[in-house]
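# Commentary on secondary and tertiary structure
These are the residues of each chain, in order.
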Amino acid sequence: MTINISSVHFKADQKLEEFINEKVEKLNKVHDGIIGSEVTLKLENTDTPENKTVEIRMQIKGNDAIASKTAKSFEEATDLTVDALKKQLLKIKEKEHDKR
């Protein structure tokens with residue numbers, strides 16, 4: 001699975017990219033039809049400390065799963081987004097299994 005990480009208006013450090021890769025790779029265990037994923041990191045223009053947004057689009061055979069979460073850190077936002085995607089992937093897998 002290919003994982004493309006892009007950050008909007010800043011440069012993500014190597015440690016953060018490795019963390020994201022590790023988390024997103026684990027989603028392969030949930031659904032084996034994942035082709036690739038696009039990860040977008042954004043700093044929101046808000047006064048609150050919760051201004052770091054992570055959006056992940058998983059390309060799956062047939063359709064895509066997308067989730068986006070905002071938190072105080074990119075690591076926390078990544079965890080929340082991966083959890084949301086895990087639920088989506090399980091539902092997709094369930095539907096595929098029901099069709100058989």
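## Re the overall build of the protein
Looking only at helices and strands, the protein features 2 helices and 4 strands. Relative to the globule expectation of 13 Å for 100 residues, the C-alpha radius of gyration of the protein, 14 Å, shows essentially globular dimensions. Once the C-alpha set of the protein is aligned to its principal axes, its extents read approximately 50 × 25 × 15 Å. Of the contacts made within the protein by residues no fewer than 6 positions apart, 47% connect residues no fewer than 24 positions apart. Of the accessible surface of the protein, which amounts to about 6,500 Å², a share of 47% is contributed by carbon and sulfur atoms. Computing the positive centroid from 18 side-chain charges and the negative centroid from 19, the protein places the two 4 Å apart.

## A look at the environment of Asp83
Relative to the assigned elements, Asp83 resides in helix 2 (residues 74-99). Residues Asp83 and Leu27, spaced 56 residues apart in sequence, show a C-alpha to C-alpha distance of 9.3 Å.

## A word on the pattern of salt bridges
Two side chains of opposite charge can pair, provided their charged atoms sit close to one another. Taken as a whole and assessed by the stated rule, the structure comprises 3 salt bridges. A salt bridge links Lys23 to Asp79; the shortest N-O distance between them is 3.2 Å. You can see Lys23 sitting in helix 1 (residues 14-25) and its partner Asp79 sitting in helix 2, a full 56 residues away along the chain. For Asp64, the salt bridge identified is with Arg57, shortest N-O distance 3.2 Å. Residue Asp64 is classed as partly exposed on the basis of its relative accessible area, which comes to 36%. The class for Arg57 is partly exposed, based on a relative accessible area of 33%.

## A short note on the packing of aromatic side chains
The relative placement of two aromatic rings is captured by the distance of their centres and the angle of their planes. A complete count under the given rule lists 1 aromatic pair for this structure. Centroid distance Phe10 to Phe74: 5.3 Å. Interplanar angle 20°. Geometry classified as stacked. In this pair, Phe10 sits in the loop between strand 1 (2-7) and helix 1 while Phe74 sits in helix 2, placing the two residues 64 residues apart along the sequence. The class of Phe74 is buried, set by a relative accessible area of 8%.

## Topic: the sheet that holds strand 3 (residues 52-60)
Judged by pairing direction, the sheet is mixed, and its 4 strands sit side by side in the order 1-2-3-4 without closing on themselves. Only two strands of the sheet have a single partner each, and these edge strands are strand 1 and strand 4 (64-71). Between one strand axis and the next, the sheet turns by 15° as a mean value, whatever way the strands run. Relative to strand 3, strand 2 (residues 34-43) runs antiparallel, the two being bridged by 9 bridges.

## Here we look at the pairing of strand 2
Pairing of strand 1 with strand 2, which is carried by 6 bridges, proceeds in the parallel orientation. The residue bridging Ile3 from the neighbouring strand is Ser37, located in strand 2. Note on the crossover from strand 1 through helix 1 to strand 2: the handedness is left-handed.

How each quantity is defined
- Residues numbered from 1 in each chain as written.
- Predicted model: local features only at pLDDT ≥ 70, side-chain atom pairs only at ≥ 80, totals over all residues.
- Heavy atoms only, no water.
- Helix = DSSP H or I, 4+ residues; strand = E, 2+ residues; numbered from the N terminus.
- Rg over C-alpha atoms; globule rule 2.2 N^0.38 Å.
- Contact = heavy atoms within 4.5 Å.
- Areas by Shrake-Rupley, 256 points an atom, 1.4 Å probe, with all protein chains shown as cover.
- Lys, Arg positive; Asp, Glu negative; His and termini not counted.
- Charge placed at Lys NZ, Arg CZ, Asp CG, Glu CD.
- Salt bridge = Lys/Arg side-chain N within 4 Å of Asp/Glu carboxyl O.
- Buried < 20%, exposed > 50% of the residue type's maximum accessible area, 1.4 Å probe, protein only.
- Phe/Tyr/Trp six-rings, centres within 6.5 Å; stacked < 30°, edge-to-face > 60°.
- Pairing = 2+ DSSP bridges.
- Axes fitted to C-alpha atoms, helices over the stretch in contact; angles between N-to-C directions.
- Right-handed = clockwise from strand over helix to strand, strands pointing away.

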